[in-house]
Amino acid sequence: MNEELLYWFALTQLKNWGIFKKNQLIVKIITEQKITLSQFFNLKSDNYIENFNLDKSDIIDLDRVKKELPNLSFLLEDLLAQGYELITINSSKYSKTLKENLKLKYSPPLLFIKGNSQLLQEDSIAIVGSRDADEISLKFTDKIAEIASKEFKVIISGFAKGVDKQALDSAIKYNGHSIIVLPQGIMTFNSGFNKYYKEIQRGDVLVLSTFHPKAPWSVQLAMSRNPIIYGLAKGIYVAQSSDKGGTWSGVIDGINKGRKIFVRLPYTNEKNANNILIQKGAIPVDQGGNLIENKFNQLEFNDVPIINDDNKKEISTFDLSVNAQIEPKASIDDRIRDLLSYSELTSKEIIKTLNLDWKIQKMTSHLNKIPNIIKLTGKPSKFYLKGDKRINNLFGE
Amino acid sequence: MDRIEAEKKLNEIFKIDHFYDTQWSVIEKILKGEKVLLIEKTGFGKSLCFQFPALLFEGTTIVFTPLIALMRDQVNKLDSLGIIAKCINSNQDNETNSRIIQEAIKNQIKILYIAPERMENIEWLNAARQMNISMIVVDEAHCISTWGHDFRPAYKRIVNLVNLLHANFPVLATTATATKSVEEDIKQQIGKGIYSYRGNLIRDNFRLFVIKVNSEDEKLIWLGQNLNKIDGTGLVYTGTRTNTEIYAKWFDYIGIKSTFYNADLEPATREEIEKGLLANRWKCIVSTNALGMGVDKPDIRFIVHTQTPISPIHYYQEIGRAGRDGKNTFIILFFNPNDDLSLPKAFIEGSKPSISKYQKVISALKNERLGEQKLMKATNLKQNEVRTIKADLIEQNIINEVNENKSKIYEIKFNAPEVNFQPFNELKEHKTKDFEKMIEYINLESCRMDFLCNYLGDASSNKCNKCDNDTNHIVTMNYDDSWKQKIDEFHGNYFPVLEVSSHNGKLIDGVAASFYGVSNVGKMIHHSKYENGGDFPDNLLKLALRAFKKKFKDLKFDLIIYVPPTVSGNLVRNFAQKLSEILKIPISHNLHKSRETKPQKIFQNAVLKKENVQNVFSYSKTNEIMNKNILLIDDIFDSGYTVKEIGKYLIALDVALIAPLVIAKTVGGDL
């Protein structure tokens, strides 16, 4: 495996290639052509065009990375010598939860870790929320971490101030397990490795990064780390969210993707957007993490926050802007194709997942018009995107 | 490029008209991006096998070699041919190294020589990621193998690197000394279809002799009688650093031009001696086996070993540098059956620290990640013990070596296995067998060269017809009383130097009356100190006075100060008192310790020894020492930290000069 690592590493270094493009190529190499990455790297360019559908600029990118192979070897040797591990997307050590949640489209092809890699296979939750969360949210975080730890669930933490940090500290306090998902390269986290040395040694904490090992912290990386946190977690608990920022967009994205997200039902006097998330489909829980069947029943009526007109306006504008981004007619077909590239769904499920205001009949007849969408027999009928179905097999292990 | 074309180029650049067939085969493979192991004797022309292709490659060729002398030599040689080659090593200052690294990043260097230990250097690793690297050369590749005679942990990282490199990246590993099993080990570790070439190892210009003696003095005497009779210049290898000095002083005493060389010398001094070697400045250089490896001197006419190497392969390696010009060369090994077995045996026995020391390191690391210094402090282990243990624990996947800022720290891995001591025992057994082979060589009655070649896996060799056995020229000792007298005089007038001098020149190098372990001085001190034997005996006083006269007779002293005792006892005070009376220099009792210290000997490493005496001294009447010349007295000089600490303190009180005088200087591991 070790000799393959260099090529995995090289492949993730392809400039301007998105995760999806990289993963598609990996699938072509491993599943379709059934060759190793090292064999792939040693092929001639006409082979790349013929068998891998790569174009000229792709090949220029590949050539560039090939030239860097000796340099990458040095970095990789250093990484491994320092005890970091690389986990490739086709490895049995790769988190299945992450693959299920992010699919081929967003699952990082390579994880850099140090610590107990078994934690990637365990049941997991993330507790997310603001950097400047208030006391009540931190208490909630602590409680959820306590319960999760008792249930042997791993807590996924983004290592940000506030809720993230509390989740981690509490997991440690309750002798639980946690995964720190870094907003930076794994080789730049020395202070953290000192701080959590004993926990890592015991196997209670795993540190994980998906970025270039030497990348310093940046806002951009912090933002792109968020989907990894949500992806690694089977359950998501929101302690406190404002109506913008990482937590908010992550939760909205999760709701859109049909994930179950538990949001702490706030008290009347709280100024946060938890209630809006609940209105948008998140599941309310009480301070102890218990489900609230009907969100307006369990608490006294007075406790239910009333959204005033100003807020409403603001929210509806925000809603619109969100919708405006994701719902222009031209892009609906793309979104459907994306969705069906990694899952088989009924028309109803598609409508729900994409949050569309369509009749089922309309969707079904629309699907028939999109090229390469295949209808499966059964009731109700499910649809999938031809060609990409096989891609899933890679992730099925 | 075909051979004709290549040889045309060879002639243009290197002024050599053709390759040997083996050289060309290797070069052809390298140019195709293959991996090659080349085992050829010294002088074969291994370097050309990478220097030539390096010029054809676009980027830089990295040559890992542990031999700084070789780096310098080859760089100079390439420089004279107009080829840009540079080296990075610990003898150069950081600025120079950094500048060269920058040049390498800009692809301005064709061949870059670096020490394997650089693979642990963060600046280097960062640079290597930006360089255009075309080929990697691993010189002295036998260091890769733990079964080799000179395994070095840093080579492990080179092996890891080579294993990560992509398939068609050229790698050349070279060595002059690899047994079959080491060859197999190297091939297995570098892997990926490596080709190997092995040449014959016979050195037919060597005249191998073994001279059996009955005492250490007889070695000195034989050399005194005969060294000047051997043509040309050469090397005398000793087993310890102390002996390099003693032998050189002896040669000096009887008029043989020599100097000594060991790892304690400053880099600049060492470099100067290497230059002197090339220029035949001395009849011989007395050295530990650190010198000579990689020195490109074709006419080293003799190599004498005063101490038995621990295996035939060590021996072959160490004598290998002589007589590269193919002319008659004397290779002499002394053997004193009474004394020469203990050092190699101790070396083999001590090659691995005890189990409890491994556990000490592990339990220290369980609490926090520590660097080497802190680890030494936490465990009170010697630096080389800590280093051996670290390397083994890394090898066994128990700890990681992590970069923190510019230094290294160590951490225990999650799920680390228990230490496996089995390989250490196997290694000891292996080394013991090797040493038995060396003894076999000494007692051999057949051809010595044939024995060495066979041992190294070269079955092709025959009788050399040059060694003492083949020529029936067995050397025995033969000397009269005048030589015995000379030796006694030499010992009586030889006083070890204490190297403590400070940069401002106020603390000067001191002198000891004797070495602790040599003769019975150590025993006498021990008797007084630890067996209630009363004051140090008068013959120690006499010896000390002679040392004083020899070293300091031209200096005028104002005051004698002695090192205050650690626990109790007035031994040193009384000794200093007697010296004061005889030398008529007033004595002061005003140097004190402001806190209790522990005996330095309980501390195993420099970090703790330093800390034990740091800021501990105080002087009660500072006026009386201002601008004075001071003779500082102590009984035993070991690490030198006490004397240096007192020196530092007194200099701050404005003394004019401090000269240390002690009864005995220890030789590594005496106490």
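This one's a predicted model, so the numbers in the text were calculated from it and none came from an experiment. (Residues numbered from 1 in each chain as written. Chains lettered and ligands numbered in written order. Predicted model: local features only at pLDDT ≥ 70, side-chain atom pairs only at ≥ 80, totals over all residues. Heavy atoms only, no water.)

This paragraph deals with the overall build of chain B. Each helix and strand counted, chain B has 25 helices and 23 strands in total. Radius of gyration (C-alpha) of chain B: 27 Å, near the 26 Å computed for a compact globule of 671 residues. Expressed as lengths along the three principal axes of its C-alpha atoms, the size of chain B is roughly 85 × 65 × 50 Å. Counting every position in chain B, which comprises 671 residues, the buried fraction comes to 56%. Contacts in chain B between residues far apart in sequence, at least 24 positions, make up 75% of those at least 6 positions apart. Total accessible area on chain B is roughly 29,000 Å²; 47% of this is exposed by carbon and sulfur atoms. Positive and negative side-chain charges of chain B, numbering 88 and 83 respectively, have mean locations separated by a distance of 3 Å. (Helix = DSSP H or I, 4+ residues; strand = E, 2+ residues; numbered from the N terminus. Rg over C-alpha atoms; globule rule 2.2 N^0.38 Å. Buried < 20%, exposed > 50% of the residue type's maximum accessible area, 1.4 Å probe, protein only. Contact = heavy atoms within 4.5 Å. Areas by Shrake-Rupley, 256 points an atom, 1.4 Å probe, with all protein chains shown as cover. Lys, Arg positive; Asp, Glu negative; His and termini not counted. Charge placed at Lys NZ, Arg CZ, Asp CG, Glu CD.)

A few words on the sheet that holds strand 11 (residues 373-376) of chain A. All names here are of chain A. Taken together, three strands build an open sheet; the order of strands is 10-12-11 and the sheet is antiparallel. Each of the sheet's edge strands pairs with one partner strand only, and the pair in question is strand 10 (345-346) and strand 11. Across two bridges, strand 10 lies against strand 12 (residues 382-385) in antiparallel orientation. Looking at the pairing, T346 lines up with K382 of strand 12. (Pairing = 2+ DSSP bridges.)

All names here are of chain A. Look at helix 5 (residues 56-67) against helix 6 (residues 69-81): their axes get within 5 Å of each other, and the N-to-C directions meet at 55°. Between helix 5 and helix 6, the crossing angle belongs to the class labelled oblique. Facing V65, K66 and K67 of helix 5, the residues of helix 6 in contact are L69, P70 and N71. (Axes fitted to C-alpha atoms, helices over the stretch in contact; angles between N-to-C directions. Parallel < 35°, antiparallel > 145°, perpendicular 65-115°, else oblique.)

All names here are of chain B. When cut into domains, chain B gives domain 1 (3-198), domain 2 (206-340 + 437-481), domain 3 (349-420) and domain 4 (495-665). Taking only C-alpha atoms into account, the centre of domain 1 sits 29 Å from that of domain 2. Contact with domain 1, which involves 19 residues of that partner, is made by 20 residues of domain 2. At the junction of domain 1 with domain 2, the criterion picks out three salt bridges. Along the contact surface separating domain 1 from domain 2 lie seven residue pairs in polar contact (both at pLDDT 80 or more). In terms of residue count, helix 4 (residues 68-80) provides more of the side of domain 1 that touches domain 2 than any other element does, five residues in total. Among the residues making up the side of domain 1 that touches domain 2, the classes are represented as five nonpolar, seven polar and seven charged. (Domains from an automatic or database assignment. Salt bridge = Lys/Arg side-chain N within 4 Å of Asp/Glu carboxyl O. Polar contact = N/O pair within 3.5 Å; in protein donor to acceptor, adjacent residues only side chain to side chain. Nonpolar A, V, L, I, M, F, W, Y, C, P; charged D, E, K, R; others polar.)

Counting residues at the interface gives 31 residues for chain A and 37 residues for chain B. Interface area for chain A against chain B, summed over the two sides, is near 2,900 Å², with a carbon-plus-sulfur share of 54%. Sorting the residues of chain A by area buried against chain B places A:F74, A:E77 and A:Y197 first, and these three jointly supply 26% of that buried surface. For the pair chain A and chain B, the number of links is three salt bridges. (Buried area = accessible area lost by both parts, 1.4 Å probe.)

With that settled, consider empty space enclosed by the protein. All names here are of chain A. Tallying each qualifying case throughout the model produces five cavities of 30 Å³ or more. Of the volumes computed, that of the second largest cavity is approximately 40 Å³. Considering the residues around the second largest cavity, the lining is formed by Q13, L14, K15, D61, R64, V65 and E68. (1 Å grid on protein atoms, 1.4 Å probe; cavity = no way out; pocket = protein on both sides within 12 Å on 5 of 7 lines; lining within 4 Å. Points joined across faces, edges and corners; volume = space filled by probe spheres on them.)

On to the packing of aromatic side chains, then. We describe a pair of aromatic rings using the distance from one ring centre to the other and the angle between the two ring planes. Evaluated as defined, the whole model comprises 34 aromatic pairs over all chains. On the numbers, 6.0 Å between centres and 80° between planes, the contact of A:F159 with A:Y196 is edge-to-face. One end of the pair, A:F159, is in the loop between strand 4 (154-157) and helix 9 (163-173); the other, A:Y196, is in the loop between helix 10 (190-195) and helix 11 (197-202), and 37 residues separate them in sequence. Owing to a relative accessible area of 23%, A:F159 belongs among the partly exposed residues under this scheme. The class of A:Y196 is buried, set by a relative accessible area of 3%. Relative to B:Y494, the ring of B:F490 has its centre 5.4 Å away and its plane inclined at 15°; by these criteria the two rings are stacked. There is no split in this pair, since B:F490 and B:Y494 are both buried. Put simply, the rings of B:W250, B:Y253, B:W483, B:F490, B:Y494 and B:F515 touch in pairs and so form one group of aromatic residues. Lying across the ring of A:F193, A:K114 places its NZ or CZ 5.1 Å from the centre. (Phe/Tyr/Trp six-rings, centres within 6.5 Å; stacked < 30°, edge-to-face > 60°. Lys NZ or Arg CZ within 6 Å of the ring centre and 35° of its normal.)

On to the packing of helix 22 (residues 538-552) of chain B against helix 23 (residues 571-583) of chain B. Residues and elements named next belong to chain B. Across the interface, helix 22 lies against helix 23 with an axial gap of 11 Å and an inter-helix angle of 55°. In terms of axis orientation, helix 22 runs oblique to helix 23. Remark: the crossing between helix 22 and helix 23 carries right-handed chirality. Where helix 22 approaches helix 23, its residues D538, L540, L541, A544, L545 and F548 are matched on the opposing element by F575, K578, L579, I582 and L583. Across the contact of helix 22 with helix 23, the residue classes tally to nine nonpolar, no polar and two charged. (Left-handed = near helix turned anticlockwise from the far one by under 90°.)

The subject of this paragraph is the pairing of strand 3 (residues 124-129) of chain A. All names here are of chain A. Counting buried residues in strand 3 gives six out of six residues, a clear majority hidden from the surface. With three bridges connecting them, strand 3 and strand 4 associate as parallel partners. Of the residues in strand 4, the one forming a bridge with S124 is V154. Handedness of the crossover joining strand 3 and strand 4 through helix 8 (residues 135-150): right-handed. (Right-handed = clockwise from strand over helix to strand, strands pointing away.)

Turning next to helix 24 (residues 606-613) of chain B. Residues and elements named next belong to chain B. Every buried residue of helix 24 is accounted for by V607, L608, K609, N612 and V613. Those residues of helix 24 hidden inside the fold are in contact with helix 15 (372-379), strand 21 (617-619) and helix 25 (641-652). Of the residues flanking the end of helix 24, it is N615, one or two places downstream, whose phi is positive at about 55°.

All right, on to unusual backbone geometry then. The phi angle at A:N53 is positive, at roughly 55°, despite the residue not being glycine. A relative accessible area of 57% means that A:N53 is categorised as exposed. We note that B:K15 has phi near 60°; this positive angle belongs to a residue other than glycine. Structurally, B:K15 can be placed in the loop between helix 1 (3-14) and helix 2 (21-31).

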